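This is what each chain is made of:
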Amino acid sequence: MKEKSYEYDGFVLHTIATDQFKNGYLEVNFRQDISECTPSKRNMLGVLMKYSTSSCKTNRELKIACENLYDISFSQGTSRVGYNLITSFSLDFLHPKYVSEKSYIKKAFHFFFDALEHPNIENGKWDEQSFDIIKELILSNIDLYKERPTSYAMVESKKRLFQDSCTGQRIIGTKETVEALTPESVAQDYQEMFEKSICEIILVGDFDMDEMAKLINQCFYKPCIVEKTIESVVPNKIIPYKEEEQSSSYTQTQIVQYYISEPLTKRERDYVAPVFQQITGLGSLSDKLGYYLRMKNSLCYSYYSTFAMGDSYFVISTGIKEENKEKALKCFHQVMEEMKKGIISKEDLETKKTKILTNVKMAMDNIYGIAENCYNHHVLDHPSFENTLKEIPTVTIKELKSLAMKLHKSYTFILKEGEAHERD
């Protein structure tokens, strides 16, 4: 793989030339400080831009246009990393060497960038038919998390613990924030996204990247130059420990326990934390949570732990029967105490490192994994594949102990089984 970057007035293009794939992947990211915009509005904007355009007035017309370009895939998504609210649009397309039409790649790129530059807006407002369809779709999806106790417990606990932080804010928003959106307000947000966002583009595939860079620069125009630094870590405050319970009508009790972290070094974020997470528990019987919760005490079928590096916390969660609550909490405590004391076998440490390296190598064989790593590395200062492969084997038990000491148990949320709660 060969990487090269190109800087233009309105955007930066990062390219990865590789002959591994029969397709190409192009991604355009608009990145803005979350304090400058409304996440639910930006989320709806992205969905609307992918649903119809000024030249394809209906979703059916847009799908036909994609099919006529050898079934290219046009997709979008909105995400957050720290204070970065990122609205992404991507084009997955067949490599032109497999297409007889010589102008295919130009047509595909013109279609994609035309969709970004010419949305279905007229006279300062979004097309009302498209707007109403997408608004109803989003409203119907807002409460889907309530259908599963694991997702309900996670959303509700984050809302309670981080109520004054963007960490506890759902990008999709609430019914109230979505209901308040209008065709005019979302059209205005489109203008603000182009004017205030930093724009970065990723291209992966077997191409002459100099020529592709020229083509992209011909197809895409972003008039506003934005240069600013947006932090990719939210430093949530360490608070005195508290525990809360909520009754529910689910058939299983959920426990979610949060550990807010002190500021971590870059090495701890990039290399020590992934190993820490593998050892504590990702759902395998070979990790510490699996041993104590499942093998030793037969308390649950599912559990997980994860570092939310962009939000400065580590979380453990499991689903159990109500009578096993105290046993499960003791298991959580046992795992974290062992990590603080460095009770980790050298064999287990090497096994978990090998698992991480295997996952990295798998991502290196995936065009979307390559694009994601390229963006995260160049834009969000995450480690490259090469650095990860080099540094993960060097992580020590001493470093894992040091990281564990920076995690402070701050909050436990227990969603109790069996009693009715409001679901609507």
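Look a little higher up for the structure.
To keep things clear, this report deals only with the structure shown in the data block. (Residues numbered from 1 in each chain as written. Predicted model: local features only at pLDDT ≥ 70, side-chain atom pairs only at ≥ 80, totals over all residues. Heavy atoms only, no water.)

**Some remarks on the overall build of the protein chain**
For clarity, the threshold we go by: Elements are defined by DSSP. Helices are runs of H or I of four residues or more, strands are runs of E of two residues or more, and each kind is numbered from the N terminus. Note on method: radius of gyration uses C-alpha positions; expected globular size equals 2.2 Å times residues raised to 0.38. Whether a residue is buried, partly exposed or exposed follows from its accessible area with a 1.4 Å probe, protein chains only, as a fraction of its type maximum: under 20%, in between, or over 50%, in that order. Pairs of residues are marked as contacts when any of their non-hydrogen atoms sit within 4.5 Å.
Of the regular secondary structure elements, the protein chain holds 15 helices and 13 strands. The C-alpha radius of gyration computed for the protein chain amounts to 23 Å, which stays within 12% of the reference 22 Å derived for 424 residues, consistent with globular compactness. Projected onto the principal axes, the alpha-carbon positions of the protein chain cover approximately 65 × 50 × 35 Å. Put simply, the protein chain has 424 residues, and 53% of those count as buried. Counting only contacts in the protein chain whose residues sit at least 6 apart along the sequence, the fraction spanning at least 24 positions is 80%.

**Overview of the sheet that holds strand β9 (residues 242-247)**
We apply this condition: Any two strands between which DSSP finds at least two bridges are classified as paired. An axis is simply a line fitted to the C-alpha atoms; with a helix, the fit covers only the stretch in contact. Between two such axes, the angle follows the N-to-C directions and lies from 0 to 180 degrees.
As summarised here, the arrangement of the five strands in space is β9-β13-β10-β12-β11, forming an open sheet in which the pairing is mixed. Every interior strand has two partners, whereas the edge strands, β9 and β11 (303-308), have only one. Put simply, the sheet's adjacent strands are angled 15° from each other on average, direction ignored. The sheet contacts of helix α10 (residues 288-296) involve β11 and β12 (313-320), and relative to β11 the element is tilted by about 150°.

**What about the pairing of strand β8 (residues 198-205)?**
Across a regular strand the side chains alternate sides, sitting on one face of the sheet and then on the other. Of all eight residues making up β8, eight are buried, and the element is well covered by its neighbours. Here β8 shows two buried faces, one formed by Ile198, Glu200, Ile202 and Val204 and the other by Cys199, Ile201, Leu203 and Gly205. The sheet contact formed by strand β2 (residues 12-17) and β8 spans six bridges and is parallel. Of the residues in β8, the one forming a bridge with valine 12 is glutamate 200. Relative to β8, strand β3 (residues 23-33) runs antiparallel, the two sharing seven bridges. Each bridged residue has a counterpart across the sheet, and for leucine 26 the counterpart in β8 is leucine 203.

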